[in-house]
Amino acid sequence: RESLRGVLASANLRRLLFAALLWSLMPLLAPLFAQLVFRALGHRFSWRQLAAIHIGQLPARYIPGGIWHTVGRAGAFFGLGAAKRDIAVFVLLENALAISLAFVLGGPLVAFYRGLADWGLVAALASIGGILALGTLPWLLNHNLAKSLGGFSIRAYSICVGTVAVSWCIGATAFVVFVSAFPDFEAHVSALEAGATYLFAWGMGFIAFFAPQGIGVFEVVAGSMI
């Protein structure tokens, strides 16, 4: 409590508020991503419908296990008329694009700032893995899940990738603004390095299957790197 009180006493509250406002844009972009995916699969769900589902199910994200937000939304999508295979395509794209783009956007910068040693080497390898995943996903979709649905077009896939990339840029910017609200952090970490560290550390937390929701893994990785 005393540590938190001391940190907050030195914080720039305007920047903290701005960081929170930036972060709140991400749950507004997520329904757009869902709309793009389902539209490519032949469904015409409105952004308002999907936003109500996404935001309404957000508390489930913090139930131990880390899957209940996805499970809750999947049930709601099924109720709107989406087939199970359509929902499988959405879940695959949402998770695969999130982790791939986190590493692709953050990994190269982490490797640049830290060099090819320790976390820098891991980040470089993770970014290569992310690039390979992005290149493999269209083939996986069109030769397996979406084949019977008429295929998932490259144009639709590219728009989905762009939407997730924009969302991650907003999230990384929110983290940079958050870090800059604390003078001790701002003095030691550049904006680009802080944003890249956030993305890379989030990715490490995401793939830490042994920890529900990656709890603690993101904080440990980001904290030790910063």
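Note that residues are indexed from 1 along each chain, following the sequence as it is written. Whole-chain, interface and lining totals are the exception, using all residues; otherwise, since this is a predicted model, local features are given only for residues with pLDDT of at least 70 and side-chain atom pairs are given and counted only at 80 or more. With hydrogens and water stripped out, all remaining heavy atoms of the structure feed into the side-chain values.

### Concerning a nonpolar patch on the surface
Part 1 of the reasoning: By definition, no residue in a patch forms a salt bridge, and every one has over 30% relative accessible area; like charges are joined within 9 Å, nonpolar side chains (Val, Leu, Ile, Met, Phe, Trp, Tyr) within 5 Å. Here the accessible surface of atoms and residues is derived via Shrake-Rupley with a 1.4 Å probe, and residues count as covered only by protein chains that are part of the display. Salt bridges are defined by distance alone: a side-chain nitrogen of Lys or Arg within 4 Å of a carboxyl oxygen of Asp or Glu. Together, L25, L28, L32, W47 and I55 make up a nonpolar patch on the protein surface, roughly 390 Å² of accessible area in all.
Part 2 of the reasoning: For helices the rule is a DSSP run of H or I covering at least 4 residues; for strands it is a run of E covering at least 2, with both sets numbered from the N terminus onward. If you list the elements that add at least two residues to the nonpolar patch, you get α3 (26–40) and α4 (47–56).
Part 3 of the reasoning: As for its placement among the helices and strands, L25 is situated in the loop between α2 (13–23) and α3.
Part 4 of the reasoning: In this scheme, a residue with accessible area under 20% of its type's maximum is buried, one over 50% is exposed, and one in between is partly exposed, where area comes from a 1.4 Å probe on protein chains only. Classification of L25 as partly exposed rests on a relative accessible area of 38%.

### Topic: helix α6 (residues 84–114)
Part 1 of the reasoning: Any helix carries an expected span of 1.5 Å times its number of residues minus one. Across its 31 residues, α6 extends 44 Å between first and last C-alpha, which sits within 8% of the 45 Å expected from 1.5 Å per residue.
Part 2 of the reasoning: A maximum bend of about 35° is found in α6 at G106, where proline P108 lies one to four positions downstream.
Part 3 of the reasoning: A positive phi of about 80° marks G115, the residue just after α6. In this scheme, the bend at a residue equals the angle between the axes fitted to the seven residues that finish there and the seven that begin there.

### Quick notes on the packing of aromatic side chains
Part 1 of the reasoning: The rule is short: rings of Phe, Tyr and Trp, with Trp giving its six-membered ring, pair when the centres are within 6.5 Å, and they are stacked under 30 degrees, edge-to-face over 60, tilted in between. On inspection of all chains with the given rule, the structure shows 17 aromatic pairs.
Part 2 of the reasoning: Consider the rings of F175 and F178, whose centres lie 6.5 Å apart with planes at 35°: the pair is tilted. Residue F175 and its partner F178 are located together in helix α8 (residues 154–180), separated by 3 residues, close to a single helical turn.
Part 3 of the reasoning: Classification of F178 by relative accessible area gives partly exposed; the value is 38%.
Part 4 of the reasoning: By way of ring pairs, the aromatic residues W23, W168, F175, F178, F182, Y198, W202, F206 and F218 are connected into one cluster.

### Looking at helix α11 (residues 217–225)
Part 1 of the reasoning: Buried residues of α11: V217, F218, V221, A222 and M225, and no others. Relative to the axis of α11, the buried residues are bounded by an arc of 115° and lie together on one face. Opposite the buried face of α11, by more than 90 degrees, sit the exposed residues V220 and G223. The arc in question is traced by the directions running from the helix axis to the C-beta atoms.

### Section: the confidence of the model for the chain
Part 1 of the reasoning: In the predicted model, the chain carries a mean pLDDT of 88, and 92% of its residues have values of at least 70.
Part 2 of the reasoning: Here helix α9 (residues 183–186) stands out as the least confident element of the chain, with mean pLDDT 70; α4 is the most confident, with 95. The predictor attaches a confidence to each residue, and that confidence, scored 0 to 100, is pLDDT.

### Regarding the pattern of salt bridges
Part 1 of the reasoning: The full count for this structure, using the stated rule, is 2 salt bridges.
Part 2 of the reasoning: One salt bridge connects R73 with E94, and the closest N-O pair in it is separated by 2.7 Å. Taken together, the residues span a long stretch of sequence, with R73 in helix α5 (residues 68–80) and E94 in helix α6 at a distance of 21 residues.
Part 3 of the reasoning: R73 sits in the buried class, given a relative accessible area of 4%.

### Here's the deal with the nonpolar core
Part 1 of the reasoning: Working definition of a nonpolar core: buried Ala, Val, Leu, Ile, Met, Phe, Trp, Tyr and Cys residues. They are joined through side-chain atoms within 4.5 Å. Counting 55 residues, the largest nonpolar core has V37, L93, L97, F152, Y157, W168 and F200 as its most contacted members.
Part 2 of the reasoning: Listing elements by their share of this core, those giving two or more residues are α3, α4, α5, α6, α7 (119–145), α8, α10 (191–206) and α11.
Part 3 of the reasoning: In terms of residues, this core owes the most to one element, α6, which gives 12 residues.
Part 4 of the reasoning: Residues are treated as being in contact if the distance between any of their heavy atoms lies within 4.5 Å. Aside from chain neighbours lying at most four places away, what touches L93 is F33, V37, A98, L141, F152 and Y157.

### Brief notes about the environment of R61
Part 1 of the reasoning: Note on placement: R61 falls in the loop between α4 and α5.
Part 2 of the reasoning: R61 sits in the partly exposed class, given a relative accessible area of 35%.
Part 3 of the reasoning: Remark: the alpha-carbon pair of R61 and G129, spanning 68 residues in sequence, is separated by 26 Å.

### Section: the environment of G151
Part 1 of the reasoning: Take G151: it is sitting in the loop between α7 and α8.
Part 2 of the reasoning: We classify G151 as partly exposed; its relative accessible area is 21%.
Part 3 of the reasoning: It is 7.3 Å that separates the C-alpha atoms of G151 and L141, two residues lying 10 residues apart in sequence.

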